[in-house]
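Descriptive analysis of the structure
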Amino acid sequence: MYFVLRRKSALQVKIQWGPMCIYFPPTVGAGGGNDIQWCFSQVKGAVDDDVAEGASGIRFLTWKWGAVHTSEADIISTVEFNHSGELLATGDKGGRVVIFQQEQENKIQSHSRGEYNVYSTFQSHEPEFDYLKSLEIEEKINKIRWLPQKNAAQFLLSTNDKTIKLWKISERDKRPEGYNLKEEDGRYRDPTTVTTLRVPVFRPMDLMVEASPRRIFANAHTYHINSISINSDYETYLSADDLRINLWHLEITDRSFNIVDIKPANMEELTEVITAAEFHPNSCNTFVYSSSKGTIRLCDMRASALCDRHSKLFEEPEDPSNRSFFSEIISSISDVKFSHSGRYMMTRDYLSVKIWDLNMENRPVETYQVHEYLRSKLCSLYENDCIFDKFECCWNGSDSVVMTGSYNNFFRMFDRNTKRDITLEASRENNKPRTVLKPRKVCASGKRKKDEISVDSLDFNKKILHTAWHPKENIIAVATTNNLYIFQDKVN
Amino acid sequence: MEFKLEAHRIVSISLGKIYNSRVQRGGIKLHKNLLVSLVLRSARQVYLSDPCPSLYLAGPAGSRGAAGVGGGPAGGPAPGSSPLKKPRRNSEEQPGGAAAAEEEMETGNVANLISIFGSSFSGLLRKSPGGGREEAEGEESGPEAAEPGQICCDKPVLRDINPWSTAIVAF
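Summary of the structure given here. (Residues numbered from 1 in each chain as written. Chains lettered and ligands numbered in written order. Predicted model: local features only at pLDDT ≥ 70, side-chain atom pairs only at ≥ 80, totals over all residues. Heavy atoms only, no water.)

**Points about the pattern of salt bridges**
Rule in force here: For salt bridges, the criterion is a side-chain nitrogen of Lys or Arg within 4 Å of an Asp or Glu carboxyl oxygen. We call a residue buried when its accessible area falls under 20% of the maximum for its residue type, exposed when it is over 50%, and partly exposed in between, using a 1.4 Å probe and counting protein chains only. Starting at the N terminus, helices and strands are each numbered in turn, a helix being any DSSP run of H or I of at least four residues and a strand any DSSP run of E of at least two.
Applying the stated rule across the entire model yields 36 salt bridges over all chains. A salt bridge links Glu372(A) to Arg375(A); its shortest N-O distance comes to 2.6 Å. Judged by its relative accessible area of 32%, Glu372(A) is partly exposed. Residue Lys17(B) is joined to Asp385(A) by a salt bridge in which the shortest nitrogen-to-oxygen separation is 2.5 Å. With one member in each of two chains, Lys17(B) in helix α1 (residues 2-23) and Asp385(A) in the loop between α2 (378-383) and β30 (393-395) form a pair that bridges those chains. Residue classification places Lys17(B) among the buried positions, given a relative accessible area of 10%. Look at Asp385(A) and you get partly exposed, because its relative accessible area is 27%. Here the residues in one salt-bridge network are Glu136(A), Glu138(A), Glu139(A), Arg25(B) and Lys29(B), joined through shared partners.

**Some details on unusual backbone geometry**
All names here are of chain A. A positive phi angle, close to 75°, is found at Asp385, a residue other than glycine. Of note in the backbone geometry, Asn409 takes a positive phi value of approximately 60° without being a glycine. By the secondary structure assignment, Asn409 is in the loop between β31 (401-405) and β32 (410-415). Given a relative accessible area of 4%, Asn409 falls into the buried group.

**Examining the packing of aromatic side chains**
We apply this condition: For this analysis, a ring pair means two rings from Phe, Tyr or Trp (six-membered ring only for Trp) whose centres lie within 6.5 Å, classed as stacked if their planes differ by under 30 degrees, edge-to-face if by over 60, and tilted for the remaining angles. Whether a charge sits over a ring depends on NZ of Lys or CZ of Arg being within 6 Å of the ring centre and within 35 degrees of the ring normal.
Applying the stated criterion to the full structure yields 21 aromatic pairs over all chains. With 6.0 Å between their ring centres and 70° between their planes, Phe81(A) and Tyr116(A) make a pair best called edge-to-face. Here Phe81(A), found in strand β8 (residues 76-81), pairs with Tyr116(A), found in strand β11 (residues 116-123); they are 35 residues apart in sequence, far enough to count as distant. Pair check on accessibility: Phe81(A) and Tyr116(A) agree, each one buried. Chaining the aromatic ring pairs together yields one cluster made of Phe40(A), Phe411(A), Tyr485(A) and Phe487(A). Seen from the ring of Tyr179(A), Lys182(A) lies directly overhead, with NZ or CZ sitting 4.7 Å from the centre. Sitting over the face of the ring of Tyr382(A), Lys17(B) holds its NZ or CZ atom 5.1 Å from the ring centroid.

**Quick word on the pairing of strand β16 (residues 164-177) of chain A**
Residues and elements named next belong to chain A. Selection rule: One bridge is not enough; two strands pair if DSSP finds at least two bridges between them.
Sheet topology note: the strand β15 (residues 154-159)/β16 ladder contains 6 bridges and is antiparallel. Residue pairing in the sheet places Thr159 in a bridge with Ile164 of β16. Connecting β15 to the next strand, β16, in antiparallel fashion are 4 residues. Of the strand pairs in this sheet, β16 and strand β17 (residues 201-217) are connected by 13 bridges, and their pairing is antiparallel. By the bridge assignment, Ser170 is partnered in β17 with Glu210.

Printed below as a string of structure tokens:
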């Protein structure tokens, strides 16, 4: 038995003994799920990603060096596909919701899936002022969650820091014409001129999409709402702020039940806050909430009315060798998402993504490093506030791949089966449809290879916090500061 | 030594962040301020535990501010002496001629301020013997009825150009 080492390329060595061989390091291919090749599909939003720090909340366009800069109001703050994937909603800092609809596939030209085009735009929340506390309430949309479709209309919940709203989005493509007593413009006819009976009929009109607020759930949160989650019973939902979680019924706006309250009697003793919460996808009595200390608590609403005592506590002991001033900050969980199956949940902290098996509380079953090269830069990231960025994460439809964002407009995908990962960039440079995205690589230290980017040249203003994956297909929506990118896998 | 400098820098940055959080739109963010106060506490612990005898300013020992430096690490210098002077060591501008008692009280209050930020989240209660620091982190209880702003401006420390003081004056 002897070993043969052959250098396959600058990146790879083949180790062979007898008929067996392995490659080291493992193939760094297009990665991300059975070697999917991701292609650019569309980009929505302003031409330039630069955001001018304009007067807060006021939307204006300014000309600067020949390029159009948009104001802070256009910063995308949430992205969410609906249950069928046909609709894609975004919320922004200015309180607006924009919904895109996928075109019906052209069966003949099936080289790509349908494009997403604007379906509806509406102002969901306005800035408010709390006079009692002299506090301004931001109109920024923190989260959007879709209800499953029950009839012709679509429903979604959108929330800012204090108020949750249920919006109905309905189509109108017919209108009644030929009233007996009214003119076409609505004015009433002179009764003496009405000599015949005419029954109005519906005639087709140009499609109009209307959004109307059907419920407003207000005045239930003292602290800033960070999450909403619709229960699998499709009748109730939860809303979570820093210290409390409330349970609502979709039909009832004037009261909610408080199901978690971690506010200490003495605020001086506060040590942790709630950072995210979600209902289990199948069990309508189960939900989880994550904390700033890096723990996740699973609660069963059947156990008691106030679920302050968790059923399960998920926590991984800290690695003492990684201790620093900022250990506590980077262990704070910014997002928690159940897998579609309900068997696993994923958490995102500053540097990593962790997959937990609901049956094992003492450590995650999988951990993926998103940008470990930032660990030595934590002090600078603290100074420029980047360490407080709240990255989200998402699952693909089959729970085999997870995705999350990073800096420099990079986003990462981790294939749970093949253990491969890939880094891609959302940039207008690759903006021809069906252009395959080239994998990117960050050089942590030492010699920078060609096409690699060094840590020091990363742009920390270009961050991808919000990503979403189509529930059934390999279509992803990635939000940069104020652009929305849509990528698809290559269809042959 | 470099840990001390680093810790001092981090404390300054953290105080700046807490101050800025008061003026930003949308109200105080509880989560971020909690994390900043945790960093502040860690930095303070490192700061107080890093033994650098050469940095101690001379001055008679006094126990006035010592009581406020709660939770100091074991094995630290005798109460009332050096630890109180530590926060001042960066004040090159500060003439050494300041009255010892005054200096002691100033540093004691600064250390108390750190202990307020570090070990407790809301500085509303009277933790420092000097009092008048209620406003220190009053914004943390913004969501509840916060005390109207009481700027602590009646202490000599505020007239200094010590960077610490500048940060505190901001409150």
